[in-house]
Amino acid sequence: MSGDDNSGPLMADVARLAGVAISTVSRALANPGRVNEKTRAKIDAAAKQLGYTPNAMARGLRVGKSNVVMIVLPGSLYYGTSQVIPQVLENINRALMQNGYNLMIANLDRDEKSERHILDLAFGGTVCGAIVLSSTLPEDGGRSLADAPIPVVALLQDLSNVGIPSVVTNDREAVREATADLIALGHRRFLYLAGPYGNYHDVERYAGALEAVLAAGLPEEAILRSGGLDYRHSFQIGVEAADFFARQRDKPTAVIATSDDMAISFMSSAQEKGYRIPDDVSIVSFDGSPVCAYCSPTLSAIQQPMEEMGERAALMLIGYDGAVCDATQGPIVISSKLVKRKSMAGVAR
């Protein structure tokens, strides 16, 4: 799903020739009244000179009756990634508003009633597109969001295998690099706090940790696993992992948590049991929400690029970023980065 016909000129080419930003070109096409006449004339002239024609999907969005994009959540706003979803929504909303669209949260649950409501919106013309933050697409009564007559983009989850263009971060690579950093600090025994087994994020992140361990010549058994519950139980996962940690004779010296919530609850519970962080055990989490900088000790975390990911997904959906958005080519991957703080240190001698 591309914002432009990839065999011809792109919106970025029009913007470059007209001497304006891509977002200005997109506004001129979607809402001409929001762009002054002189700028519109420059854009129109550049488009004609280049022979630029937006693709059918983008034209449909611009001339359709609805300018509302719905967000499909995996569950409630406190669905394990409670620190992440508000940041993602903020950046999606900003990108949509700048281009004349409105954001609507379609659900706060994923029960049968919610599934039916989401599909009614998609098939009934109420919305012009959907951004899905879940590993499963809504289905009900033989209908699936994948078959709706609107563009759909997945964010945070890779659904390209079912034909949905997706924007994700480099889960596997990021965890592999963070684990390698821990190994370089002398860590040889790890505790991995898992989300639901088989979940996209858990598969990718555990694979990254395992690849780093094996590359260092350590056995697979160097990683103990705890958790496995649904992400909505992330705080519980962290508490139970602290109990599991306390029972081990040869205790892991580093914890790799697959969400900030898991890491925070593990850290709090472990410290209540008398363990010192990072003296007794280092902790690294995934997500990198702002709260990590205010934990005690401050929490090292793999920080997801929320702003860039949210903006990219929104622009993909409305066909305005000029990037190749073909699901058959796999997901668009935007790299995360490890932010090192006080919860991560070398092994105590």
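Given the structure is predicted, the values throughout are model-derived calculations rather than measurements.

S.K.: For this particular structure, what's the right way to read the packing of helix α7 (residues 171-184) against helix α8 (residues 200-215)?
M.R.: For any two helices packed against each other, the geometry comes down to the angle between their axes and how far apart the axes lie. Viewed as axis vectors pointing N to C, α7 and α8 meet at an angle of 35°, and their least axial separation amounts to 7 Å. Between α7 and α8 lies a crossing of right-handed hand. Of α8, the residues touching α7 (which contributes D171, R172, V175, R176, T179, A180 and I183) are Y200, H201, E204, R205, A207, G208, A209, E211, A212 and V213. Residues belonging to the contact of α7 with α8 are distributed by class as follows: eight nonpolar, three polar and six charged.

S.K.: I tried to follow α8 on my own but got confused; where do I start?
M.R.: For an α-helix, the turn length of 3.6 residues means that residues three or four places apart are oriented alike. Between its first and last C-alpha atoms α8 spans 23 Å; for 16 residues at 1.5 Å apiece the expected length is 22 Å, and the two agree. Burial analysis of α8 places 12 of its 16 residues in the buried class, which makes it a mostly covered element. Residues of α8 that are buried: Y200, H201, D202, E204, R205, Y206, A207, G208, A209, L210, A212 and V213. Looking at where α8 begins, the residue whose side-chain oxygen comes 2.8 Å from the main-chain nitrogen of H201 is N199.

S.K.: What is the right way to read the confidence of the model for the chain from this model?
M.R.: Reading fine detail from the predicted coordinates is not recommended where pLDDT is low. Across the chain, the average pLDDT comes to 85, with 86% of residues at or above 70. Across the chain, the element-wise mean pLDDT spans from 44 in helix α4 (residues 56-63) up to 98 in strand β10 (residues 254-257). Confidence drops under a pLDDT of 50 for residues 55-64, and excluding neighbours within four residues, the segment shows 26 contacts in the predicted structure.

S.K.: Could you clarify how one ought to interpret the environment of S269 in this entry?
M.R.: Turning to its location among the elements, S269 is positioned in helix α10 (residues 260-272). Note: C-alpha distance between S269 and D243 (26 residues apart in sequence) is 8.1 Å.

What counts, and at which threshold
Residues numbered from 1 in each chain as written. Predicted model: local features only at pLDDT ≥ 70, side-chain atom pairs only at ≥ 80, totals over all residues. Heavy atoms only, no water. Axes fitted to C-alpha atoms, helices over the stretch in contact; angles between N-to-C directions. Helix = DSSP H or I, 4+ residues; strand = E, 2+ residues; numbered from the N terminus. Left-handed = near helix turned anticlockwise from the far one by under 90°. Contact = heavy atoms within 4.5 Å. Nonpolar A, V, L, I, M, F, W, Y, C, P; charged D, E, K, R; others polar. Expected span 1.5 Å × (residues − 1). Buried < 20%, exposed > 50% of the residue type's maximum accessible area, 1.4 Å probe, protein only. Polar contact = N/O pair within 3.5 Å; in protein donor to acceptor, adjacent residues only side chain to side chain. pLDDT = per-residue confidence, 0-100.

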